[in-house]
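Overview (structure and organization)
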Amino acid sequence: MLPKLVLTDIDGVWTDGGMYYDQTGNEWKRFNTSDSAGVLFCKVLGIPVGIITAENTQIVYRRAEKLKVDYLFQGVKDKLAVVTKLCQDLKVDIKDVAYIGDDLGDLSVLKAVGLPCSPANAPLYIKNHAKWITEKRGGEGAFREFVERFIIENGMMETVLNKVHERVMDNKQ
């Protein structure tokens, strides 16, 4: 299935799930830059990408802004309600949605979407609701692996790579 919408959690998927604080109270998150290719691949295919997270931080806002993620929902307690509303607004069937999540807040979405995925570090009771489980752990490029898999399974990797190359060449001129 080539999804019409790709949605993702952040902590435990794009990050290792750790929350780091310095002595002055600043919060830090470590993102793996390879996940940005997952966003790029979706963009060249015209598939919108959205982040849905229970956290509400400038860090995630800045990452989403830098990658030009289409939708960002922070401070979300009921992720399924957000996904359902977004699907209604975009006129996308929830079964045409791909979602990757790793923990309790993701469970209802994993059960509802057509292509549920979890990173390798998710608990077994979460992975049991995933169609795919990435080999990579959260924070190690799990989002990119997730996107690459549905591209490869649809026989579109060469097309995507050509479009990425064209985009890079266009930006050089």
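Throughout what follows, the structure given in this document is the object of discussion.

Parameters at a glance
By convention here, each chain's residues receive numbers from 1 onward along its written sequence. Residues qualify for local features only when their pLDDT is at least 70, as the model is predicted, and side-chain atom pairs are given and counted only at 80 or more; totals for whole chains, interfaces and linings, by contrast, use all residues. Water and hydrogen atoms were dropped before computing side-chain values, which therefore reflect all heavy atoms in the structure. The helix count covers DSSP runs of H or I at least four residues long, the strand count covers runs of E at least two residues long, and both are numbered beginning at the N terminus. We take the radius of gyration over the C-alpha atoms and set the globule estimate at 2.2 Å times the residue count to the 0.38 power. Only protein chains enter the accessibility calculation, which uses a 1.4 Å probe. A residue is then buried if its area is under 20% of the maximum for its type, exposed if over 50%, and partly exposed in between. Contacts were defined at the residue level, with two residues in contact if any of their heavy atoms lie within 4.5 Å. Two residue types count as positive, namely Lys and Arg, and two as negative, namely Asp and Glu; His and chain ends fall outside the count. Every charge is mapped to an atom, namely NZ of Lys, CZ of Arg, CG of Asp or CD of Glu. A helix's residues, less one, multiplied by 1.5 Å, set its expected span. Taken from the helix axis, the directions to the C-beta atoms give the arc we talk about. Any pair of nitrogen or oxygen atoms within 3.5 Å is treated as a polar contact; in protein, a donor-acceptor pairing is required on top of that, and neighbouring residues in sequence qualify only through side-chain atoms on both sides. Only strands joined by at least two bridges in the DSSP assignment are considered to pair. To define a nonpolar core, start from buried Ala, Val, Leu, Ile, Met, Phe, Trp, Tyr and Cys residues and group those joined through side-chain atoms within 4.5 Å.

Regarding the overall build of the chain
- Assigned secondary structure in the chain consists of seven helices and eight strands.
- Computed over its C-alpha atoms, the radius of gyration of the chain comes to 16 Å, within 12% of the 16 Å expected for a compact globule of 173 residues.
- Principal axes of the C-alpha set define a box for the chain whose edges measure 45 × 35 × 30 Å.
- Across the 173 residues that make up the chain, the buried fraction comes to 46%.
- In the chain, the share of contacts with a sequence separation of at least 24, taken over all contacts with a separation of at least 6, comes to 53%.
- Between the mean site of the 23 positive side-chain charges and the mean site of the 24 negative ones, the chain shows a separation of 2 Å.

Describing helix α3 (residues 79–90)
- The terminal C-alpha atoms of α3, which comprises twelve residues, lie 16 Å apart, in line with the 16 Å expected from a rise of 1.5 Å per residue.
- Taken residue by residue, α3 has Lys79, Val82, Val83, Leu86 and Cys87 as its buried positions. The buried residues of α3 all sit within an arc of 130 degrees when viewed along its axis, so they share a single face.
- If you follow the buried residues of α3, they end up packed against β1 (5–8), β4 (49–52), β5 (71–73), β6 (97–100) and α4 (107–112).
- Its side-chain oxygen 3.3 Å from the backbone nitrogen of leucine 80, aspartate 78 forms the N-cap of α3.

Quick word on the pairing of β4
- Where burial is concerned, the two faces of β4 agree: the one with Val49 and Ile51 and the one with Gly50 and Ile52 are both buried.
- With three bridges joining them, β1 and β4 adopt parallel strand pairing. Looking at the pairing, valine 6 lines up with valine 49 of β4.
- Strand direction decides the pairing type here: β4 and β5, joined by three bridges, are parallel. Counterpart to isoleucine 52 in the pairing with β5 is phenylalanine 73.

A closer look at the pairing of β1
- Burial of β1 is two-sided: the residues Leu5 and Leu7 facing one way and the residues Val6 and Thr8 facing the other way are all buried.
- Relative to β6, β1 runs parallel, the two sharing four bridges. Across the sheet, leucine 5 pairs through a bridge with valine 97, a residue of β6.

Concerning the nonpolar core
- Among the nonpolar cores identified, the biggest contains 33 residues, and Val6, Trp14, Phe143, Phe146 and Phe150 are the most heavily contacted of them.
- When neighbours within four sequence positions are excluded, phenylalanine 150 is seen to be in contact with Met1, Leu2, Pro3, Val6, Cys42, Ile47, Ala98, Leu115 and Trp132.
- In terms of nonpolar packing, the next biggest core, distinct from the first, is built from 17 residues, Leu7, Val83, Val97 and Ala122 among them.

Points about helix α1 (residues 35–45)
- Of all eleven residues making up α1, eight are buried, and the element is well covered by its neighbours.
- Buried residues of α1: Asp35, Ala37, Gly38, Val39, Phe41, Cys42, Val44 and Leu45, and no others.
- Of the residues flanking the end of α1, it is glycine 46, one or two places downstream, whose phi is positive at about 75 degrees.

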